[in-house]
Amino acid sequence: MKTTIPLSRLRSLLLISMITIGMSSCYSVRLISRDGVAEPDYSNDSQDFYKNKKTNTIDTTIKLGITKGSFELIRDCGPTGFYALEYRVTLGHVLLSGITLGRVRKVKVIYVRLKEDN
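Treat the numbers as computed from the prediction; the structure is a model and nothing was measured. (Residues numbered from 1 in each chain as written. Predicted model: local features only at pLDDT ≥ 70, side-chain atom pairs only at ≥ 80, totals over all residues. Heavy atoms only, no water.)

(A) Seen up close, the pattern of salt bridges. Tallied over the entire structure, the rule returns 3 salt bridges. Note that Arg30 is salt-bridged to Glu86, the shortest N-O span being 3.3 Å. Taken together, the residues span a long stretch of sequence, with Arg30 in strand S1 (residues 27–32) and Glu86 in strand S3 (residues 82–89) at a distance of 56 residues. We classify Arg30 as partly exposed; its relative accessible area is 36%. In this structure Glu86 comes out as buried when scored by relative accessible area, which is 1%. Because the salt bridges share partners, they merge into one network encompassing Arg30, Glu86 and Arg88. (Salt bridge = Lys/Arg side-chain N within 4 Å of Asp/Glu carboxyl O. Helix = DSSP H or I, 4+ residues; strand = E, 2+ residues; numbered from the N terminus. Buried < 20%, exposed > 50% of the residue type's maximum accessible area, 1.4 Å probe, protein only.)

(B) Representation of the sheet that holds strand S2 (residues 55–63) within the structure. Strand order across the open sheet formed by 4 strands is S1-S3-S4-S2, with antiparallel pairing between neighbours. Two strands close off the open sheet at either side, each with one partner strand: S1 and S2. Put simply, the sheet's adjacent strands are angled 15° from each other on average, direction ignored. Examined bridge by bridge, S3 and strand S4 (residues 104–113) share 6 bridges and lie antiparallel to one another. Bridge pairing in S4 links Leu85 to Tyr111. On the sheet, helix H2 (residues 91–99) packs against S3 and S4 and is oriented at approximately 145° with respect to S4. (Pairing = 2+ DSSP bridges. Axes fitted to C-alpha atoms, helices over the stretch in contact; angles between N-to-C directions. Contact = heavy atoms within 4.5 Å.)

(C) Inspection of the packing of aromatic side chains at higher detail. Counted under the stated rule, the structure contains 3 aromatic pairs. Measuring from centroid to centroid gives 6.5 Å for Phe49 and Tyr83, while their planes differ by 5°, and the two rings are stacked. Highlighted residues: Phe49 in the loop between S1 and S2 and Tyr83 in strand S3, separated in sequence by 34 residues. Judged by its relative accessible area of 22%, Phe49 is partly exposed. Ring centres of Phe82 and Tyr111 lie 5.3 Å apart, and the angle between their planes is 85°; on these two criteria the pair is classed as edge-to-face. Of this pair, Phe82 sits in strand S3 while Tyr111 sits in strand S4, placing them 29 residues apart in sequence. (Phe/Tyr/Trp six-rings, centres within 6.5 Å; stacked < 30°, edge-to-face > 60°.)

Here's what the structure looks like:
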């Protein structure tokens, strides 16, 4: 007795699998200081967490060599430090890293500095 899966069911299963993989590969991690106050920017009228906060974005591509397995990306955050730091990964970032076997990585970091005491 041989059972076969109809082609329409196979396509549906493949589509659901692709959507599940795509959704699980898009994420962001945000670290927030509990005691600090963000550097204000009242011209920033975005409707998310960053409303009225001065944001800085690092959006770059890192190329790793065969002998270099890690990288450091250091920016000056001033004398105060960070209020919030967000690291994002999208499906495009995952695909780029997978195709190049991890040698090329897309990095997107959004950060907010602490407000200086005056």
